[in-house]
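# Secondary and tertiary structure notes
The chain contents come next:
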Amino acid sequence: MIWIILSTILVSAAFTGTYFATHNTWDATNAGGFVALLCLVGLLIRFTRPPMSRRLRLTILITAAIAITGLTIHWKVMYSMTHWQYDNIHLIHKVMFHSTALDRMRTKGLKTLEEFHTQQVSRRLTLAEVFRRGTQYIDPDSSIIEIDEDGEVKMMAASVTDTEVVLIAQATIRVDGEHPGFRNFDGSAGAVQDRLRITRKGLFYELEN
Amino acid sequence: MKTDRLHWVWMVCYVGVALILGGILNLALYPSDLLGRSVAITPFPYIFAGGLRIADGLDRFSGNQIIREWKSEHLFLLLSILVSYILAVPSFIWALKERQQRRENQPGRKFPIRIVLAFAIGGAFVVPMLLISVIGPVASSSVRATMQKAQTLVVNRDAVMYELNMMALKAQSSYFVPLGEGGCGGRWMNIQRKGAPTVTLEELQVQEPDLNRVYAELFPQRPSKFVLEVYSEDSLAIWGIGAETWEGSLFVNKDGQQGKTQAHAVVTPRKVIVLWHLESTPHGF
């Protein structure tokens with residue numbers, strides 16, 4: 001009984017202490033599991049002392065060794081698999097954003113480029129004028145010119161000059177990019193962002209983060 | 001066997017009853033949906049922890065901020081470790097020891113309620129643990145390998161399709177830019193020069209596709225191969241052949257290889273359709 005009480009205290013301390021130190025559920029589970037394993041091995045050795053028969057003792061210890069080995073391997077596989085799935089879910093989200101952003105900005109960019117190069121020579125407008133003529137800002141006080149139908153990607157005009165128009169695409173919800181320190185156009189940091197430059201020589205697309 | 005309540009047949013029955021009652025109790029008192037954040041006491045706390053990790057991933061996908069604070073799930077997780085490994089297993093082993101001693105020294109007429117309860121409740125945790133310890137490592141490793149292989153193929157396909165979209169963008173952009181400014185001047189094929197293409201694969205290809213940087217950590221991409229066919233002044237097609245192979249596939253790729261992931265883009269000045277040959281999913285018309 002004392003052994004069980006002591007083990008309970010140790011496992012609880014390891015679990016809660018690790019969680020409040022790291023705020024990571026898996027770290028706490030691993031810590032609690034490791035301490036529980038140590039307590040269990042001690043308990044097994046103690047419980048299987050004589051007068052337990054040698055046959056029963058060996059059966060218990062061999063079965064325990066197989067079970068502990070198997071569960072430890074399974075534990076490790078689950079740990080790596082769930083972390084992989086966690087990262088994979090985020091990867092899918094980033095790719096979805098980049099694909100949608102490319103699609104939206106391509107449409108806008110090509111329309112502007114075509115209008116610019118197919119206009120009459122006698123009434124030639126600048127790139128900025130062509131762009132402004134074909135664009136309506138969603139909010140006059142912001143630079144947002146479009147949000148896709150699903151409401152997940154917003155397109156903004158970062159810079160509009162006679163020689164170059166720069167469009168920026170960002171996610172409307174938080175999607176972390178590769179670089180946590182990247183300064184986003186809207187003032188946030190570390191979020192995904194794509195950029196399209198429209199010049200008279202063509203369109204130039206870049207995944208910034 | 002009838003009078004010996006500690007006979008092995010009876011012991012198996014006690015564990016069986018405990019397993020059934022335990023299952024009913026869990027279903028009745030606790031919704032056991034791991035991703036629903038309300039769980040029961042489980043002999044596999046690491047599976048529970050894994051479920052919480054995936055639930056966090058889905059929350060993040062939805063744009064929710066993950067708040068790391070102590071919740072009821074953590075209490076259940078701790079209880080699972082304590083009940084399974086500190087209470088159930090020792091109880092089971094104690095019951096085995098007491099059973100042996102009772103049968104050897106003092107069979108008795110009184111029903112051995114303590115031994116039966118300890119064995120049954122302990123066994124309800126120990127038996128699933130023993131089963132999983134044998135089946136679990138093999139099954140989970142196999143599942144992981146299958147998932148990773150499948151996802152590698154899907155990612156390679158997506159990477160090829162994205163590169164095709166980028167190449168299509170360059171072709172479309174070049175179409176509208178006049179010859180004097182380095183573009184194709186409104187035609188991808190020079191009819192006057194016997195149909196000579198005005199755009200080449202070298203001009204369209206990207207040396208280091210940006211999206212490969214996104215994939216780098218989980219699914220590093222090897223270079224894909226491309227084939228360009230210009231049909232007319234305002235239509236062309238680009239085939240992208242990935243580096244990954246679909247096992248058992250007899251499909252012959254555009255460049256003569258076999259079984260590789262392949263997609264192709266049909267491009268006009270204002271539209272592009274990207275198709276994956278095995279699914280033929282139109283994208284972006």
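Residues numbered from 1 in each chain as written. Chains lettered and ligands numbered in written order. Predicted model: local features only at pLDDT ≥ 70, side-chain atom pairs only at ≥ 80, totals over all residues. Heavy atoms only, no water.

### Looking at the overall build of chain A
Condition: Runs of E in the DSSP output that reach at least two residues are strands. Runs of H or I that reach at least four are helices, and both are numbered from the N terminus. Atoms considered for the radius of gyration are the C-alpha atoms alone. The globule rule reads 2.2 Å times the number of residues to the power 0.38. Three labels apply to residues, based on accessible area from a 1.4 Å probe with only protein chains included: buried if under 20% of the type maximum, exposed if over 50%, partly exposed otherwise in between. Whether two residues touch is decided by their heavy atoms; if any such pair falls within 4.5 Å, the residues are in contact. Here the accessible surface of atoms and residues is derived via Shrake-Rupley with a 1.4 Å probe, and residues count as covered only by protein chains that are part of the display. Counted as positive: Lys and Arg. Counted as negative: Asp and Glu, with His and the chain ends omitted from the count. Taken as the charge location is NZ of Lys, CZ of Arg, CG of Asp or CD of Glu.
Summing up its helical and strand segments, chain A has 4 helices and 5 strands in all. The C-alpha radius of gyration computed for chain A amounts to 30 Å, which surpasses the reference 17 Å derived for 209 residues by more than 25%, pointing to a less compact arrangement than a globule. Based on the C-alpha atoms only, the size of chain A along its principal axes is roughly 110 × 30 × 25 Å. Here chain A, with 209 residues, has 49% of them falling under the buried criterion. For chain A, the proportion of contacts with a sequence separation of at least 24, taken over those separated by at least 6, is 47%. Of the roughly 10,400 Å² of accessible surface on chain A, 60% is carried by carbon and sulfur atoms. Measuring between centres, the 22 positive side-chain charges of chain A sit 12 Å from its 21 negative side-chain charges.

### Some details on the packing of helix α2 (residues 25–47) of chain A against helix α3 (residues 54–118) of chain A
All names here are of chain A. Condition: Axis geometry follows a simple rule: fit a line to the C-alpha atoms, using only the stretch in contact for helices, then measure angles between N-to-C directions, giving values from 0 to 180 degrees. Working rule for angles: under 35 degrees goes down as roughly parallel, over 145 as roughly antiparallel, 65 to 115 as roughly perpendicular, anything else as oblique. In this classification, Asp, Glu, Lys and Arg are treated as charged, Ala, Val, Leu, Ile, Met, Phe, Trp, Tyr, Cys and Pro as nonpolar, and every other residue, Gly included, as polar.
As a packed pair, α2 and α3 sit with axes 12 Å apart at the nearest point and diverge in direction by 175 degrees. What the angle tells us is that α2 and α3 run roughly antiparallel. Facing α2, whose interface residues are W26, T29, N30, G33, L37, V41 and L44, α3 presents I60, A64, I68, W75, M78, Y79, T82 and H83. The class makeup of the residues in the contact of α2 with α3 is 10 nonpolar, 5 polar and no charged.

### A few points about the sheet that holds strand β2 (residues 153–160) of chain A
Residue and element names in this part refer to chain A. For clarity, the threshold we go by: Two strands qualify as a pair provided DSSP detects at least 2 bridges between them.
In space, the 5 strands of this open sheet follow the order β1-β2-β3-β4-β5, with antiparallel pairing throughout. Looking at strand neighbours, the two that pair on one side only are β1 (144–147) and β5 (202–207), the edges of this open sheet. Ignoring which end each strand starts from, the neighbouring axes of this sheet average 20 degrees apart. By the bridge criterion, 6 bridges tie strand β4 (residues 193–199) to β5 in an arrangement that is antiparallel.

### Overview of the side chain of B:E163
All names here are of chain B. Just so we agree on the cut-off: The salt bridge criterion pairs a side-chain nitrogen of Lys or Arg with a carboxyl oxygen of Asp or Glu, the two atoms within 4 Å.
Secondary-structure assignment places E163 in helix α4 (residues 113–176). The side chain of E163 is buried and forms no salt bridge, while K170, the nearest opposite charge, is found at 9.6 Å. Each residue touching E163, except ones within four places of it in the same chain, is listed here: V206, P209, S224 and F226.

### Regarding the pattern of salt bridges
Residue and element names in this part refer to chain A. Using the criterion set out here, one finds 18 salt bridges over all chains in the structure. For E146, the salt bridge goes to R104, with nearest N and O atoms at 2.9 Å. Of this pair, E146 sits in strand β1 while R104 sits in helix α3, and the two are 42 residues apart along the sequence. Given the relative accessible area of 21%, R104 is considered partly exposed. Between E164 and R197 there is a salt bridge, with its nearest N and O atoms 2.7 Å apart. Here E164, found in strand β3 (residues 164–171), pairs with R197, found in strand β4; they are 33 residues apart in sequence, far enough to count as distant. Residue E164 is classed as partly exposed on the basis of its relative accessible area, which comes to 22%. For R197, a relative accessible area of 27% translates into the label partly exposed.

### Some remarks on the sheet that holds strand β3 (residues 225–232) of chain B
All names here are of chain B. Reading across from one edge, β3-β4-β5-β6 is the order of the 4 strands in this open sheet, with antiparallel pairing throughout. This sheet does not close on itself; its edge strands, each paired only once, are β3 and β6 (272–276). With strand direction ignored, the average angle separating the axes of adjacent strands in the sheet is 15 degrees. Pairing of strand β4 (residues 235–245) with strand β5 (residues 260–267), which is carried by 7 bridges, proceeds in the antiparallel orientation. Bridging across to β5, A237 finds its partner in V266.

### Regarding the environment of A:V160
Residues and elements named next belong to chain A. Residue placement: V160 occurs in strand β2. Of the residues examined, V160 reaches a relative accessible area of 19% and is grouped as buried. The sequence separation of V160 and A101 amounts to 59 residues, and the corresponding C-alpha distance is 19 Å. Once residues lying within four places of it in the same chain are set aside, the contact partners of V160 are A128, F131, R132, Y137 and V165.

### Let's talk about the nonpolar core
The line we're drawing: Only buried Ala, Val, Leu, Ile, Met, Phe, Trp, Tyr and Cys residues count toward a nonpolar core, and they belong to the same one when joined by side-chain atoms within 4.5 Å.
If you look at the biggest cluster of nonpolar residues, it comprises 64 residues, and the most contacted ones within it are A:L167, A:Y205, B:L164, B:W188, B:L236 and B:I238. In terms of residue count, the dominant contributor to this core is α4(B) (13 residues). Listed in part, the 55 residues of the second largest apolar core include A:L40, A:L44, A:A64 and B:F125.

### Remarks on the packing of aromatic side chains
Using the following cut-off: Note on aromatic contacts: the rings of Phe and Tyr and the six-membered ring of Trp form a pair at centre separations within 6.5 Å, being stacked when their planes are under 30 degrees apart, edge-to-face when over 60 apart, and tilted otherwise.
Scanning the model with the defined rule gives 15 aromatic pairs over all chains in all. With 5.6 Å between their ring centres and 20 degrees between their planes, A:F20 and B:W70 make a pair best called stacked. Here B:W70 lies in the loop between α2 (45–61) and α3 (72–105) and A:F20 lies in helix α1 (residues 2–22), a pairing that spans two chains. Measuring from ring centre to ring centre gives 6.2 Å for B:W10 and B:Y14, while their planes differ by 25 degrees; the resulting arrangement is stacked.

### A short note on the interface of chain B and chain A
Defined as follows: What gets called buried area is simply the loss in accessible area from a 1.4 Å probe that two parts show on being joined, summed for both.
The partner chain A presents 76 residues to the 70 residues of chain B that form the contact. Both faces combined, the contact of chain B with chain A buries some 7,100 Å², and carbon together with sulfur accounts for 71% of it. By the criterion of area lost to chain A, the three top residues of chain B are B:Y46, B:R53 and B:R60, representing 11% of everything that side buries. Along the contact surface separating chain B from chain A lie 3 salt bridges. Residue A:R200 pairs with B:E181 through a salt bridge whose shortest N-O separation is 2.8 Å. Mapped by element, the contributors of at least two residues to the side of chain B that touches chain A are α2, α3, α4 and α6 (210–215) of chain B. With 21 residues, α4(B) is the largest single contributor of residues to the side of chain B that touches chain A.

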